[in-house]
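# Commentary on secondary and tertiary structure
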Amino acid sequence: MEESRKLFEVIVGRSQTCAQCFYGLARVAMAGGERAAAIGHYRRALELFPDYGAALYGLGMALRSEGRLGEAQQLLELAQRKKQVLMKVMLSLKLMTRK
């Protein structure tokens, strides 16, 4: 885990615009029991990429583990809606390529 954290920190140090890196840092922080840090990283990833479904889900789960159930539920429902939209888009594209 520590190697992953260091790698993400190096990339973030070079560019503060990598939503995937902040998401990665959040995952590492959650795995290490650092919920407050994880929540901050998830929030930063979402500032950079508001439609990042995995970050919405991760933040929702982190908030849930902190007992912040109202906030968690809103985020988890939003993540679910984003996933449903993505599935519809993927199905539409698949149908379009069959013709």
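Keep in mind that this is a model prediction, so the values were computed, not measured. (Residues numbered from 1 in each chain as written. Predicted model: local features only at pLDDT ≥ 70, side-chain atom pairs only at ≥ 80, totals over all residues. Heavy atoms only, no water.)

In terms of nonpolar packing, the biggest core is built from 23 residues, with Tyr42, Ala45, Tyr52, Ala55 and Leu59 touching the most fellow members. The set of elements that each furnish at least two residues to this core consists of helix 2 (19–31), helix 3 (35–48), helix 4 (53–65) and helix 5 (69–98). No other element matches helix 2, which puts seven residues into this core. Those residues in contact with Leu59, other than ones at most four positions away along the chain, are Ile39, Tyr42, Arg43, Leu46 and Leu75. (Core = buried A, V, L, I, M, F, W, Y, C linked by side-chain atoms within 4.5 Å. Buried < 20%, exposed > 50% of the residue type's maximum accessible area, 1.4 Å probe, protein only. Helix = DSSP H or I, 4+ residues; strand = E, 2+ residues; numbered from the N terminus. Contact = heavy atoms within 4.5 Å.)

For helix 3, spanning 14 residues, the distance from its first C-alpha to its last is 20 Å, which sits close to the expected 20 Å at 1.5 Å a residue. Among all positions in helix 3, only Ala38, Ile39, Tyr42, Ala45 and Leu46 are buried. Mapping the buried residues of helix 3 onto a view down its axis gives an arc of 125 degrees, with all of them on the same face. Turned more than 90 degrees away from the buried face of helix 3, the exposed residues are Ala36 and Glu47. For helix 3, the elements touching its buried residues are helix 2 and helix 4. (Expected span 1.5 Å × (residues − 1). Arc of directions from axis to C-beta.)

Here the focus is the pattern of salt bridges. Pairing between side chains of opposite charge can happen when the charged atoms of each approach one another. Taken as a whole and assessed by the stated rule, the structure comprises seven salt bridges. Measuring nitrogen to oxygen at the nearest pair gives 2.7 Å for the salt bridge that ties Asp51 to Lys82. Of the two residues, Asp51 sits in the loop between helix 3 and helix 4 while Lys82 sits in helix 5, which places them 31 residues apart along the sequence. Taking relative accessible area as the criterion, Asp51 reaches 46% and is therefore assigned partly exposed. (Salt bridge = Lys/Arg side-chain N within 4 Å of Asp/Glu carboxyl O.)

Among the surface-exposed residues, Val85, Val89, Leu93 and Met96 lie close enough to one another that they form a single nonpolar patch of about 390 Å² accessible area. Tracing the backbone through its elements, the reader meets Val85 in helix 5. (Patch = residues over 30% accessible without salt bridge, like charges linked within 9 Å, V, L, I, M, F, W, Y side chains within 5 Å. Areas by Shrake-Rupley, 256 points an atom, 1.4 Å probe, with all protein chains shown as cover.)

Turning our attention to the side chain of Arg5. Assignment of secondary structure puts Arg5 in helix 1 (residues 2–14). Side-chain polar atoms of Arg5 contact the side chain of Glu34, separated by 2.9 Å. Those residues in contact with Arg5, other than ones at most four positions away along the chain, are Leu25, Val28 and Glu34. (Polar contact = N/O pair within 3.5 Å; in protein donor to acceptor, adjacent residues only side chain to side chain.)

Time to look at the environment of Gln16. Take Gln16: it is sitting in the loop between helix 1 and helix 2. Between the alpha carbons of Gln16 and Leu48 there is a distance of 9.1 Å; along the sequence they are 32 residues apart. Ignoring anything within four residues of it in the chain, the contact list for Gln16 reads Phe22, Arg44 and Leu48. A distance of 2.9 Å separates the side chain of Gln16 from the backbone oxygen of Val12, its partner in a polar contact.

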